[in-house]
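Chain by chain, the residues run as shown.
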Amino acid sequence: MSLYTDYLTEIETRKGEGLHPKPIDDGALVAELISLIEDTGSEYRKDALNFFIYNTLPGTTSAAGVKAAFLKKIILGEVTVAEITPDFAFELLSHMKGGPSIEVLLDIALGDDAALAAKAADVLKTQVFLYEADTNRLKAAYEAGNAVAKDILESYAKAEFFTKLPDVEEEIKVVTYIAAEGDISTDLLSPGNQAHSRSDRELHGKCMITPEAQAEIQELQKKHPEARVMLIAEKGTMGVGSSRMSGVNNVALWTGKQASPYVPFVNIAPVVAGTNGISPIFLTTVGVTGGIGLDLKNWVKKLDENGKPVLDENGDPILEQKYSVETGKVLTINTKEKKLYDADGTELADVSSAFTPQKVEFMKAGGSYAVVFGKKLQTIAAETLGVEAPLVFAPSKEITNPGQGLTAVEKIFNKNAVGVSAKEPLLAGSDVRVKVNIVGSQDTTGLMTSQELEAMAATVISPSVDGAYQSGCHTASVWDKKAQANIPKLMAFMNKFGLITARDPESHYHAMTDVIHKVLNDITVSDWDIIVGGDSHTRMSKGVAFGADSGTVALALATGEATMPIPESVKVTFKGQMKDYMDFRDVVHATQAQMLKQCGDNVFQGRVIEVHIGTLLADQAFTFTDWTAEMKAKASICISNDDTLIGSLELAKSRIQVMIDKGMDNEAKTLQGLIDKADKRIAEIKSGEKPALTPDEGAKYFAEVVVDLDLIDEPMIADPDVNNADVSKRYTHDTIRPVSYYGAEKKVDLGFVGSCMVHKGDMKIVAQMLKNLEKETGKVEFKAPLVVAAPTYNIIDELKAEGDWEVLQKYSGFEFDDLFPKAQARTEYENTLYLERPGCNLCMGNQEKAEKGDTVLATSTRLFQGRVVEDSAEKKGESLLASTPVVVLSAILGRTPTLDEYKKAVEGIDLTKFAPPLQVPSTAKSAHF
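In what follows, the accompanying structure is described. Values in this document were obtained by computation on a predicted structure and should not be read as measured data. Counting of residues starts from 1 at the beginning of each chain's written sequence and follows it residue by residue. At least 70 in pLDDT is required for a residue's local features to be given in this predicted model, at least 80 for side-chain atom pairs to be given and counted, and no such filter applies to totals for whole chains, interfaces and linings, which use all residues. Side-chain metrics rest on all non-hydrogen atoms present in the structure, leaving aside hydrogens and water.

Brief notes about the overall build of the protein chain
Alright, step 1. Helix and strand assignments follow DSSP, with helices taken as H or I runs no shorter than four residues and strands as E runs no shorter than two, numbered in order from the N terminus. Looking only at helices and strands, the protein chain features 31 helices and 33 strands.
Alright, step 2. Using C-alpha atoms as the atom set, the radius of gyration is obtained and then compared with a globule rule of 2.2 Å times the number of residues to the power 0.38. Relative to its length of 929 residues, the protein chain is compact, with a C-alpha radius of gyration of 28 Å against a globular reference of 30 Å.
Alright, step 3. Each principal axis of the C-alpha distribution contributes one length, and for the protein chain these read about 90 × 65 × 65 Å.
Alright, step 4. Three exposure classes are used, based on accessible area relative to the maximum for each residue type with a 1.4 Å probe and protein chains only: buried under 20%, partly exposed in between, and exposed over 50%. The buried share of the protein chain, reckoned over its 929 residues, is 59%.
Alright, step 5. In this description, accessible areas are obtained by the Shrake-Rupley approach with a 1.4 Å probe, and a residue is regarded as covered only by the protein chains that are shown. Accessible surface computed for the protein chain: about 35,500 Å², of which carbon and sulfur atoms make up 50%.
Alright, step 6. Both charge centroids of the protein chain, one from 98 positive and one from 132 negative side chains, sit 1 Å from each other. When charges are tallied, Lys and Arg are placed among the positive residues and Asp and Glu among the negative ones, while His and the ends of the chain are skipped. All charge positions are set by atom: Lys at NZ, Arg at CZ, Asp at CG, Glu at CD.

Laid out in structure tokens, this is it:
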């Protein structure tokens, strides 16, 4: 009874926090519940029965295994429980989503009791989460002449698990709720500083938007019980910034429908909308839950008599309201007509993009997983029976045009496509199942990924995945009680599942907190690879990478596949010459600024940026691809020169070897396999058999952007513009300003050099600037704190070998110590240099933050409200983004510098000699190499 009494104690604690009992995943606790249920005189029996039925997690949790075994005993008559009849036991098994429940159902279906076998078969016909071991049992029984097995397989071949589901209702009433004006970051829906609670869905739900907003949503639900609350980003895009399943989970928890009466706090089918639609990654996550994402287009640009946008005094287009979606309006979505109507029947918008045949299937099935697994199950059943599977699911959209050249992403998708019927290469817009080569899981979403894997009954990584990595970087800065409880558990699960893990469950190797994107960039060893990672910044400089929610990551790990349309591409090329005093980060900012000026709209949003940047090694090119998440692009592809790609692959090999030397390889020799794959790719390039990936001459692009390097004549800063009178213009990444805009008067309270946007060259620049200033003035004094977090340990090792780390140590007031990691987050800073542990640090915002109300200048990617710095009662916190030299100098000065101060500080430092491909200067040597 010890576990049960502990559980009761936990329940009382949660009551005090306004929470229900936590769902049970521990089989030992379920075993105690069963003993209490069987003791008809126990005072705890009623509650134990309730917990067993309604509060035990399904899938492959140990709790599900014990629960399924007990239900089997009830069905077979070995145990009698008055409240759980055999029929009810079958119903409970039907809601357990695979794993032990499927094993029990197959045992009974293939058993000797014909009546029970028929009932078990009926339940099995509704299930889709079957794996090879399950389908092999059915196949063997069928081949042995078992009629029940044949009946089940025939049902699967017809996909009755899908066809017998009710259709999506023709009319869906919604009541509007404006969550915010402007782009809504997933930080609003699931704040980074609450990452520790994501796997506890009810607790995490408390952090969505504000308690006041939650109360307003509940009031709308009471007032309009016939309608579903639709969460809206007014004058903005919904779900920008991150690939956050927890954000969708929270929206579903407050506004969606319960997936199963026997599984607590797992809701599906939320309805979300934005004036400018839904961020691509977030929309994928909405599909995981069978939700609806609408592009409202309720604000449009005001046009003059010539049809050109009318601009305000800042040069921004003036918007006019086409129709109102103010909070509390009841609207109707017609899913057949694919239109949005007002209460009086007036058509407001065409929403057909939300109701493609594929998306409607997700809605009908209660989520995309069921469709993915269902298609696979239908194919296996039809092959086993030797019949052709009837066309049940919407056919994949296959767009071809003989003779048309292919973009880089079209080439990669065609090379990795699975189950394509078209004879010609597929073009953008085609729906494709593709093989995934590399998968990344990060540590603040990893526990959710492990839950998803358990829920879909997966126990081992797909053998078709070349490599997968579980990081520890998002929780690296503070080893507090929450991290100590969550991270070892996560690493043990993922290590057993087959991933390379940042920490070894048995502590055989030193814990590694390297930034996940850097590791994935290293273990991607082909420019033809497809990468999926649990973070929006999964943007590799080799291959094409997609940030994904925790569920899509789980699906990629379990199946080795992903399904998505081939995105359109925007081609980015460069002309001109960089000035010696400019940093490559300024090229990145200038790309966004020049694109907006050239195109008027953000043509990057939802598309692949094909960037012709082939003279930069993967580490440096990553600075560009990484930032493309903030440009709202779906992905980015670097077009590299042959020699540069070979150099990048050799660098990747050396870093993978470091991981092997640390003892991180597994029994499958995954890391060695990646080195072998890199060697093969290098040989292909050198021999001319398969040069570096390039698009075809006749490729078709949505747009082409040419970045003029000659126009970049001073450092650029991305500004959240926190006091803009137009709320929708705040906290976007589109306000790019030259440093002179601030007139050397912008006070800087803290500088941060770190995150996935920096690499070894940035660390060397910090050291070189300190040496320069020391030489000129005798010593360096900081007028603001400077936090420096190298992205990886191997960079620190290299800096130590080259003498740069010693310079950083000289000025540091704090240096991380892995033997004694920080147990709590820093709340106040002194004017000194902080050498922090490798990892995300301030950029993640879940552990370390700047002081409230600070103005932070950072190399980070995040300028969202409350992420790096929260507001104080007196002042809004600001997170401005700039290059490493600007950040370092601003921390030393305590303000933004003048252009002359900046030039003087970087004099003699080779920041970068980037030049457009085929125009590489012979002196292309810099601190970045």
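Description of the sheet that holds strand β13 (residues 347–350)
Alright, step 1. Taking strand neighbours across the sheet as the criterion, the seven strands line up as β8-β7-β3-β1-β11-β12-β13 in an open arrangement whose pairing is mixed. Each edge of the open sheet is held by one strand with a lone partner, namely β8 (292–295) and β13. Within the sheet, the average angular offset between the axes of one strand and its neighbour, ignoring direction, is 30°.
Alright, step 2. Sheet analysis places strand β12 (residues 339–341) next to β13, joined by three bridges and oriented antiparallel. Two strands make a pair as long as DSSP finds a minimum of two bridges between them. Geometry is summarised by axes, namely lines fitted to C-alpha atoms with helices restricted to the contacting stretch, and by angles between N-to-C directions that run from 0 to 180 degrees.

A word on the packing of aromatic side chains
Alright, step 1. We call Phe, Tyr and Trp rings a pair once their centres come within 6.5 Å, taking the six-membered ring for Trp, and we label the pair stacked below 30 degrees between planes, edge-to-face above 60, and tilted otherwise. Overall, the coordinates contain 19 aromatic pairs when judged by the stated rule.
Alright, step 2. Between the aromatic rings of Y7 and F51, the centroid separation amounts to 5.2 Å while the plane-to-plane angle is 75°, which identifies the pairing as edge-to-face. Taken together, the residues Y7 in helix α1 (residues 2–16) and F51 in helix α3 (residues 45–54) connect sequence positions 44 residues apart.
Alright, step 3. What makes F51 buried here is its relative accessible area of 8%.
Alright, step 4. Taken together, a centroid distance of 4.9 Å and an interplanar angle of 55° make the contact between F129 and F373 tilted. Here F129 is found in the loop between α7 (114–124) and α8 (132–143), whereas its partner F373 is found in helix α17 (residues 368–385), with 244 residues between them in sequence.
Alright, step 5. Residue classification places F129 among the buried positions, given a relative accessible area of 9%.

Digging into the environment of A718
Alright, step 1. Among the secondary structure elements, A718 is positioned in strand β26 (residues 716–718).
Alright, step 2. Considered as a pair, A718 and K46 are 672 residues apart in the sequence and their alpha carbons are 59 Å apart.

As for helix α19 (residues 446–455)
Alright, step 1. Burial runs high along α19: nine of the ten residues are buried.
Alright, step 2. Those residues of α19 not exposed but buried are G446, L447, M448, T449, S450, E452, L453, E454 and A455.
Alright, step 3. A457, located one to two residues past α19, shows a positive phi value of around 65°.

Looking at unusual backbone geometry
Alright, step 1. Although it is not a glycine, A744 sits at a positive phi angle of roughly 60°.
Alright, step 2. Within the fold, A744 resides in the loop between β27 (736–738) and β28 (750–753).
Alright, step 3. Classification of A744 by relative accessible area gives buried; the value is 16%.
Alright, step 4. Positive phi values are uncommon outside glycine, yet N841 reaches one of about 55°.

Let's talk about empty space enclosed by the protein
Alright, step 1. Cavity and pocket criteria rest on a 1 Å grid covering protein atoms alone: a 1.4 Å probe that fits but cannot get out defines a cavity, protein on both sides within 12 Å along at least 5 of 7 lines defines an open pocket, and an atom within 4 Å of a point defines a lining residue. Grid points are joined across faces, edges and corners, and a volume is the space filled by probe spheres set on the points. Tallying each qualifying case throughout the model produces ten cavities of 30 Å³ or more.
Alright, step 2. In this structure, the largest cavity spans a volume of roughly 180 Å³.
Alright, step 3. Surrounding the largest cavity, 21 residues form its lining, H474, D535, M844, R862 and R867 being those nearest its centre.

Points about the packing of α19 against helix α20 (residues 481–497)
For any two helices packed against each other, the geometry is given by the interaxial angle and the distance between the axes.
Alright, step 1. Where α19 meets α20, the closest approach of the two axes is 10 Å, and the angle between their N-to-C directions is 45°. As judged from the angle between their axes, α19 and α20 are oblique. With respect to the hand of their crossing, α19 and α20 are arranged in left-handed fashion. Residue-level inspection shows G446, L447, T449, S450, L453 and E454 of α19 in contact with α20, the latter providing N486, L490, F493, M494 and F497.
Alright, step 2. Tallied by class, residues from the contact of α19 with α20 come to six nonpolar, four polar and one charged. Roughly parallel means an angle under 35 degrees; roughly antiparallel, over 145; roughly perpendicular, 65 to 115; everything else is oblique. Less than a right angle of anticlockwise turn of the near helix away from the far helix marks a crossing as left-handed, whereas a clockwise turn marks it as right-handed. Only heavy atoms matter for contacts: two residues are in contact if any of them lie within 4.5 Å across the pair. When residues are grouped by polarity, Ala, Val, Leu, Ile, Met, Phe, Trp, Tyr, Cys and Pro land in nonpolar, Asp, Glu, Lys and Arg in charged, and all others, Gly among them, in polar.

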